[in-house]
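# Observations on the three-dimensional arrangement
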Amino acid sequence: MSTMKLDDYIARIDYDEDREVFHGRIINIRDVVNFYGATPAELKQEFRNSLECYLEVCAERGLEPAKPYSGRFNIRMSSEEHRLIAQAAEHHGESLNVWARKTLDDAARRELDPAG
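None of these values were measured; they are calculated from a predicted model. (Residues numbered from 1 in each chain as written. Predicted model: local features only at pLDDT ≥ 70, side-chain atom pairs only at ≥ 80, totals over all residues. Heavy atoms only, no water.)

## Things to note about the pairing of strand β4 (residues 34–37)
- Of the two faces of β4, only one is covered, namely that formed by Phe35 and Gly37; the face formed by Asn34 and Tyr36 stays uncovered.
- Direction of pairing for strand β3 (residues 21–26) relative to β4: antiparallel, over a ladder of four bridges. Following the sheet pairing, arginine 25 is matched in β4 by asparagine 34. (Buried < 20%, exposed > 50% of the residue type's maximum accessible area, 1.4 Å probe, protein only. Helix = DSSP H or I, 4+ residues; strand = E, 2+ residues; numbered from the N terminus. Pairing = 2+ DSSP bridges.)

Right, here's the structure in full:
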């Protein structure tokens, strides 16, 4: 899996061997926005076109377009879980925030990797 970025929007890029085309999908919003292109340049232009179309449709319908995720994530846990996570971060010489972010990122990538 590869990604492509346009402004604050991030798209997951896959290659469809059967159709011989790249497929992109914006992944950091709750709505579904897909686009396709035969070349990387075409894919990038279609990303731009699809995003503009999405924003126009939202405006026409009086809907608030989904915004890219903020990058902030709050989680509630027991004090024991908090202590264990803080200790694990300290063990790796990292802040709790850095360690948790890296650990969650690794877990999410393993979960979403179709080859994994």
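## Let's talk about a nonpolar patch on the surface
- A cluster of nonpolar residues, Phe73, Ile75, Met77 and Leu104, forms a patch on the protein surface that exposes about 430 Å² of accessible area.
- Within the fold, methionine 77 resides in the loop between α1 (40–61) and α2 (79–91).
- Taking relative accessible area as the criterion, methionine 77 reaches 34% and is therefore assigned partly exposed. (Patch = residues over 30% accessible without salt bridge, like charges linked within 9 Å, V, L, I, M, F, W, Y side chains within 5 Å. Areas by Shrake-Rupley, 256 points an atom, 1.4 Å probe, with all protein chains shown as cover. Salt bridge = Lys/Arg side-chain N within 4 Å of Asp/Glu carboxyl O.)

## Concerning α1
- Given a rise of 1.5 Å per residue, 22 residues ought to cover 32 Å, and the 31 Å separating the end C-alpha atoms of α1 matches this to within 8%.
- Each element contacted by the buried residues of α1 is listed here: β1 (2–6), β2 (9–16), β3 and β4.
- Immediately beyond the C-terminal end of α1, within one or two residues, lies glycine 62, with a positive phi of roughly 70°. (Expected span 1.5 Å × (residues − 1). Contact = heavy atoms within 4.5 Å.)

The values are spatial; any link to function lies outside them.
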